[in-house]
Amino acid sequence: MGVHSLRKRMVAGNWKMNGSLQSNRQLLDVVLPQTQLLSECDVLLCAPFVYLPQLQQAMEGTGFALGAQDVSVHAKGAYTGEVSGAMLADVGCRWVIVGHSERRQYHQESSAQVAAKVLAALGAGLTPIVCVGEQLADRQAGQAVCVVHDQLDPIKALGAQIVERVVLAYEPVWAIGTGLTATPQQAQDMHAQIRAFMGSDVVRILYGGSVKADNAAELFAMPDIDGALVGGASLDAQEFLRIVAA
Ligand code: PEP
């Protein structure tokens, strides 16, 4: 058995700021019965905070897993608008996305803050999915690897024992929500760089950026791509299930 097969595949849907009680119900009604997809793949749904209890209730006992899209660095107290890791665990989350490019871009999250969120998540018993990725200008300037290494540095500095407890997601910013996907080879090259930089054969590295049913299989065939973080396509139940099946 190769190392790749030791890293269980994972597909995580990132709903971003989308959904309603009614549309969530419709999507869950289609997705949750498909439990046969879970034998070889962890499948998680990362929903807006307010819908987490709805999803927890619907997902209970199915094997599908629940995730959030962000977590506070703080444990509790006077931090209006923030949601702690313990609160996420309390409503059934086992996973949380940290450092998504939209948080870095619109909320000025630094890589040091992302590392603090990794510790906050782990401290609450959640597994963080740490997103990294370069802008188009970085890639065009030949700086993509450098930028991604800089983003990973504070995570790596937490030490090997922490690194082995996180999931990484390589999401080139130019591919998120744009319909542009990194080629399987571009993604593989960066995943191999990330794996070497982090010094871990066991850490799972997801690819994210316009993953769809018709490009998922070729991405997943790459030896260092362990699954996907799926944004837009995770809002379409059939499309999402086809990605998981791939
Ligand atoms: C994401 O939001 O993490 C993402 C990859 O989005 P999309 O699949 O829509 O590009």
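Residues numbered from 1 in each chain as written. Predicted model: local features only at pLDDT ≥ 70, side-chain atom pairs only at ≥ 80, totals over all residues. Heavy atoms only, no water.

**Student:** Could you give an account of the packing of helix 2 (residues 21-31) against helix 12 (residues 237-245), with specific residues and numbers?
**Tutor:** At a minimum axis separation of 9 Å, helix 2 and helix 12 run at an interaxial angle of 35°. Relative to helix 12, the crossing made by helix 2 is right-handed. Along its contact with helix 2, which presents L27, V30 and V31, the element helix 12 presents A237, Q238 and L241. Looking at side-chain class alone, the contact of helix 2 with helix 12 contains five nonpolar, one polar and no charged residues. (Axes fitted to C-alpha atoms, helices over the stretch in contact; angles between N-to-C directions. Helix = DSSP H or I, 4+ residues; strand = E, 2+ residues; numbered from the N terminus. Left-handed = near helix turned anticlockwise from the far one by under 90°. Contact = heavy atoms within 4.5 Å. Nonpolar A, V, L, I, M, F, W, Y, C, P; charged D, E, K, R; others polar.)

**Student:** Give a detailed account of the site of the ligand, specifying residues and quantitative values.
**Tutor:** Surrounding the ligand, one finds 14 residues, the nearest of these being K16, E171, G177, S210 and G232. Interatomic distance of 2.8 Å between a backbone N/O atom of G232 and an oxygen atom of the ligand. In isolation the ligand exposes 290 Å². Once the protein is present, 96% of that is buried. A breakdown of the residues in the shell around the ligand according to their chemical character gives four nonpolar, eight polar and two charged. (Near = heavy atom within 4 Å. Polar contact = N/O pair within 3.5 Å; in protein donor to acceptor, adjacent residues only side chain to side chain. Areas by Shrake-Rupley, 256 points an atom, 1.4 Å probe, with all protein chains shown as cover.)

**Student:** Requested: an account of the state of the cysteines, with residues and values cited.
**Tutor:** As enumerated under the stated definition, the model contains zero disulfides in all. The thiol sulfur of C41 is not disulfide-bonded, and the nearest other cysteine sulfur, from C46, lies at 13 Å. Judged by its relative accessible area of 7%, C41 is buried. (Disulfide = S-S within 2.5 Å. Buried < 20%, exposed > 50% of the residue type's maximum accessible area, 1.4 Å probe, protein only.)

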